Amino acid sequence: MNTYTIDLSLRPTTFDLWHVCLAGTAALLALILIVVLISVLLGMRRCKSAAPAVVAVAPQPEIKIVEKIVEVEKIVQAPAPEPVVLKEATPDAALQLLSLLQKEARFIDFIKEDVSAFSDAEIGAAARVVHQGCSKAVSEHFTLAPVSNDPEGNRVTLNKGFDAASFRLTGNIVGEAPFTGTLVHKGWQVTELRLPKLTEGHNTKIVAPAEVEL
Amino acid sequence: MTARYSVGIDLGTTHCVLSYVDLEAGDDQVVLDVLAIPQLTGPGSIEDKAQLPSFTYLAHPAEIAEGATALPWTAKPEYLVGEIARNLGSKTPIRLVSSAKSWLCHAGVDCKQAILPVEAPEEVARISPFAATKAYLQHLRDAWNHRFPEQHLQDQDVTITVPASFDPAARELTVEAARAVGLGQAVLLEEPQAALYSWIENSEGDWRNHVQIGDVILVADIGGGTTDLSLIAVTEQDGNLQLTRVAVGDHILLGGDNMDLALAYTVKAKLEQDGGKRLESWQLQALTHACREAKEKLFNQPELGSMPLVVASRGSSLIGGTLRTELTRDELNRILVEGFLPWVPIDERPVVRPRSGLRTAGLPYAQDAGITRHLAAFLSRQKDATGELSDHLLPEHASFLHPTAVLFNGGVLKAGLMAERLMQILNNWLQAEQAEPARLLQGADLDLAVARGAAYYGFVRKGKGVRIKGGTAAAYYVGIESSMPAVPGLPAEIEALCIAPFGMEEGSEQELPNDEFGLVIGEPVRFRFFASKTRRDDVVGVRLEHWQDDELEELDEIEITLPEEGRHAGDIVPVHLSAAVTEVGTLELKAVSKRDQQRWKIEFDVRAGEAG
């Protein structure tokens, strides 16, 4: 692989702190190599076994690799964009959650039922079952905490470098951070997750088995 | 190998909890953890939970898909225990084993016989209360070994808690079950004591400022299925505070489950009156469940006037078939507060109806739901419990033992209303006799205290904290037919011979001085066996000719069979009886031959006998 050859005559055109650090690192590594070599030699003298010889060979390419990286970084200015890999959500966890909500809260029954024929009072009664059960299922398997601990409606300030995944800016987004605005929703984050483990061969697609009373 | 952890197991009637302390973590720091117990929650699904419900489900082979009952440590467990058992059993009660622990202490039943579930049809292979207990311990052991593969539970210090009211036979069975799953090193601890240990541990050394010499602490433990009462006195020895358990109550099968059921039946009656429709059993069950949640809400939120109760239909149509009603605060107060904690004077006693002759085989549930009546009876009966302690002087006119402090335990007393009411009634009794009101000891974790206290006890056993003294909570007697001439029509007079005094300490032994019994080789010999929780002064060898009805309580008979080794069958060997309390905490009775000092163990577990 001739791209990895080292051109010792190559010299940097400018000399900044970055180069000083690199030079320092290289010197340090060289020192470590020398120490290792000396200790290996001493070790070989003490017990003449073949094993340390292998160790002695190993550190050598390590040094080269470090220097190599320096070169590559210098030559290749714009690395080719890496192909984007999207995470595939595992169906099992989703099915599991559906099953939990159905078991505790009759969630699917509720969603699947045509509510237009019933009065608000009837729907309200059923909603209690769903609400109570969902609340139990969710609090049993997730620990939820608000993202922002400020009360909703308060003015909050987001400093430069805030986590854009945790805080979403809306409305009149102009200018530079820090941003100051009204906290509309405090957000939710899961701090702990305790989903049931499944046995091998468990069919998660059956979110609620048919029930037959004998 | 020395133990790394001290492990406490709360083997509860409805839940088991395992707590542990790392003994190598440091000298003074006690860091208690509760083990998250992996268990099946339904076929194919495993979750970690702090509590293992004490239920076993005996599944039909066609009921569960192959491999759906695998646990992290076994592909196919022998019994389904824990959450899955409770879940499946709620819809198929004929295959559900529950309250195995209460059966252990049930006189007249052989606990090693496969009798549970009682209501199961013929073809269901029943199991014994002993086997169920073993199954829970085995699950806990496997869960531990899975979590700590390097530190097997078999090598740790293990403490198992039992109700203070457990009789010697039930204690022996618990230890035997532990031994059967490899926990032969386990020792027993009474639950109310464990609760107090937990309180001491929780106070981080501050407990000495909350109690003083002369205090009598009433530990009231009202759990899911049982109510357990104990009295612990604070005394002094060599300038140090000392705790002595002076009395324990009877085994009362009354607890939070009864309360939920009482609510459900009231609401059921209301529904049936309004709608004129009979509720089916699954609806009643759902209603019990809904009542429990409504009860907790009403207790926790005093501003609520009532809580709606909803029982959904079983089919997929949720809205159409829903049954609606509500539980009001008035009903809650009337049923739970007035029903279970009635305002009674100290001289009132629990109502005992004569049992009907044809009782179906079942647990002897308390007939009187009034917990305060049971408490009044207990305190009055134990009036002299502190009589021997010089620091505890009861006023002359006292009609019951005056507790000065109260420690609560068990889920029921988490409800502020119930706890307050119990304190009010107790203080009312005290006030009537011009005594100071009792203080409530704060800071107890009512759900996990027993397991935590048990784990802490392992620490205490190493000499690192105050130890509650106690010994046996009863004196034990064998019945001997007196040598009176028989009178036709009257049963032979019986005398009670004391073989173990009250308060025998662990690791001590007492021998009968003079009385000899002739035992026939090869033939089982039975003795009637009695216990007294109030006779504190009887020493070994005392013969009682008369006693009051409530003084002595008859337990199951004990039995001994002398093996034929080296003797002739039919020979009579003179022996005397000896009683010892083992380090583990069980009572051991032995027959000792006077001639060659040979010893034979006397068995407790001969329950049922011919009657069963």
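Owing to the predicted nature of the structure, the values given are computational and were not obtained by experimental measurement.

### Details of the overall build of chain B
No. 1: Along its length, chain B carries eleven helices and 29 strands.
No. 2: On C-alpha atoms alone, chain B measures out to a radius of gyration of 25 Å, which is about the 25 Å that the 2.2 N^0.38 rule sets for 612 residues.
No. 3: Expressed as lengths along the three principal axes of its C-alpha atoms, the size of chain B is roughly 80 × 65 × 65 Å.
No. 4: Residue burial in chain B is summarised as follows: out of 612 residues, 47% are buried.
No. 5: Contacts spanning at least 24 positions in sequence make up 71% of the contacts within chain B whose residues lie at least 6 apart.

### A few points about the sheet that holds strand S5 (residues 197–198) of chain A
In sheet architecture, strand pairing relies on hydrogen bonds along the backbone and comes in two forms, parallel and antiparallel.
No. 1: Read across the sheet, three strands follow the order S5(A)-S5(B)-S4(B) without closing on themselves; strand pairing throughout is antiparallel. With one partner strand each, in any of the chains shown, S5 of chain A together with strand S4 (37–42) of chain B form the two edges of the open sheet.
No. 2: The pairing of S5 of chain A with strand S5 (residues 45–49) of chain B spans two bridges and is classified as antiparallel. Paired with Leu198 of chain A across the two strands is Ser45 of chain B, which belongs to S5 of chain B.
No. 3: Taken strand by strand, helix H1 (residues 83–91) of chain B contacts S4 and S5 of chain B, and its axis lies near 20° from that of S4 of chain B.

### Looking at helix H10 (residues 416–432) of chain B
Residue and element names in this part refer to chain B.
No. 1: Helix length check: H10 (17 residues) gives 24 Å between terminal C-alpha atoms against 24 Å at 1.5 Å per residue, within 8%.
No. 2: Every buried residue belonging to H10 is among Met418, Ala419, Arg421, Leu422, Ile425, Leu426, Trp429 and Leu430, and all of these are buried.
No. 3: Residues of H10 that are buried sit in contact with strand S12 (216–222), helix H8 (329–340), helix H9 (371–381) and strand S17 (405–409).
No. 4: Downstream of H10 by one or two residues, Gln434 has phi in the positive range, about 55°.

### Some remarks on the nonpolar core
Residues and elements named next belong to chain B.
No. 1: Ranked by size, the top nonpolar core spans 196 residues in total, and within it Ile9, Leu18, Leu140, Leu196, Leu407, Tyr477 and Ile499 carry the most contacts.
No. 2: When residues of this core are assigned to their parent elements, the largest contribution, nine residues, is made by helix H3 (residues 129–147).
No. 3: When near neighbours in sequence (up to four residues on either side) are disregarded, Ile9 contacts Cys16, Leu18, Leu140, Val158, Thr159, Ile160, Thr161, Ala451 and Ala454.

### A few points about the interface of chain A and chain B
No. 1: At the junction of the two partners, chain A supplies 21 residues and chain B supplies 19 residues.
No. 2: Broken down by element, the side of chain A that touches chain B gets its largest block of residues, seven residues, from helix H6 (residues 120–141) of chain A.
No. 3: Split into classes, the residues belonging to the side of chain A that touches chain B amount to nine nonpolar, four polar and eight charged.

### As for the sheet that holds strand S9 (residues 96–97) of chain B
All names here are of chain B.
No. 1: Spatially, the three strands line up as an open sheet ordered S8-S7-S9, and their pairing is antiparallel. The strands lining the two open edges of the sheet, one partner per strand, are strand S8 (80–81) and S9.
No. 2: Bridge count for strand S7 (residues 56–57) against S8 is two bridges, and the pairing is antiparallel. Bridging across to S8, Tyr57 finds its partner in Leu80.

### A few points about the environment of Ala27 of chain A
No. 1: Among the structural elements, Ala27 of chain A can be located in helix H1 (residues 17–46).
No. 2: Taking the C-alpha atoms as reference points, Ala27 of chain A and Ser116 of chain A, separated by 89 residues in sequence, lie 79 Å from one another.

### Some points on the environment of Phe527 of chain B
Residue and element names in this part refer to chain B.
No. 1: Mapped onto the secondary structure, Phe527 falls in strand S24 (residues 524–532).
No. 2: Counting along the chain gives 409 residues from Phe527 to Val118, while the straight-line C-alpha distance between them is 29 Å.
No. 3: When neighbours within four sequence positions are excluded, Phe527 is seen to be in contact with Val478, Gly479, Glu557 and Ile558.

### Thoughts on the confidence of the model for chain B
All names here are of chain B.
No. 1: Predicted confidence across chain B gives a mean pLDDT of 85, with 94% of residues reaching 70 or more.
No. 2: Averaged pLDDT values over the elements of chain B bottom out at 77 in strand S23 (residues 517–520) and peak at 95 in H3.
No. 3: Every residue in residues 356–360 scores below 50 in pLDDT, and together they form zero contacts with partners more than four places removed in sequence or on other chains.
No. 4: Every residue in residues 606–612 is under pLDDT 50, and counting partners more than four places away or in other chains gives 20 contacts.

### A word on the packing of helix H5 (residues 191–202) of chain B against helix H11 (residues 449–461) of chain B
Residue and element names in this part refer to chain B.
No. 1: In the contact formed by H5 and H11, the axes pass within 7 Å of each other and the chain directions differ by 75°. Comparing the axis directions of H5 and H11 gives the class roughly perpendicular. On the side of H5, the interface is formed by Glu191, Ala194, Ala195, Leu196, Tyr197, Ser198 and Glu201, while H11 contributes Ala449, Val450, Arg452, Gly453, Ala454, Tyr456, Tyr457 and Val460.
No. 2: Partitioning the contact of H5 with H11 into residue classes produces ten nonpolar, two polar and three charged.

### Thoughts on the confidence of the model for chain A
Residue and element names in this part refer to chain A.
No. 1: Predicted confidence across chain A gives a mean pLDDT of 79, with 76% of residues reaching 70 or more.
No. 2: Within chain A, strand S1 (residues 142–146) carries the highest mean pLDDT (95), whereas helix H2 (residues 51–57) carries the lowest (42).
No. 3: Predicted confidence for residues 49–72 stays below pLDDT 50, and this span has 18 contacts to residues more than four positions away or in other chains.

### Regarding the domain arrangement of chain B
Residues and elements named next belong to chain B.
No. 1: Split into domains, chain B comes out as domain 1 (5–189), domain 2 (192–252 + 389–466) and domain 3 (475–602).
No. 2: Centre-to-centre separation of domain 1 and domain 2, based on C-alpha positions: 28 Å.
No. 3: Tallying the contact residues gives 26 residues for domain 1 and 25 residues for domain 2.
No. 4: Where the side of domain 1 that touches domain 2 is concerned, the elements lending two or more residues are strand S1 (5–11), strand S2 (15–22), strand S3 (32–34) and strand S10 (157–162).
No. 5: Considering only residue class, the side of domain 1 that touches domain 2 consists of 13 nonpolar, eleven polar and two charged.

Definitions and cut-offs
Residues numbered from 1 in each chain as written. Chains lettered and ligands numbered in written order. Predicted model: local features only at pLDDT ≥ 70, side-chain atom pairs only at ≥ 80, totals over all residues. Helix = DSSP H or I, 4+ residues; strand = E, 2+ residues; numbered from the N terminus. Rg over C-alpha atoms; globule rule 2.2 N^0.38 Å. Buried ≥ 20, exposed ≤ 12 C-beta atoms within 10 Å, placed from the backbone. Contact = placed C-beta atoms within 7 Å. Pairing = 2+ DSSP bridges. Axes fitted to C-alpha atoms, helices over the stretch in contact; angles between N-to-C directions. Expected span 1.5 Å × (residues − 1). Core = buried A, V, L, I, M, F, W, Y, C linked by C-beta atoms within 7 Å. Nonpolar A, V, L, I, M, F, W, Y, C, P; charged D, E, K, R; others polar. pLDDT = per-residue confidence, 0-100. Parallel < 35°, antiparallel > 145°, perpendicular 65-115°, else oblique. Domains from an automatic or database assignment.

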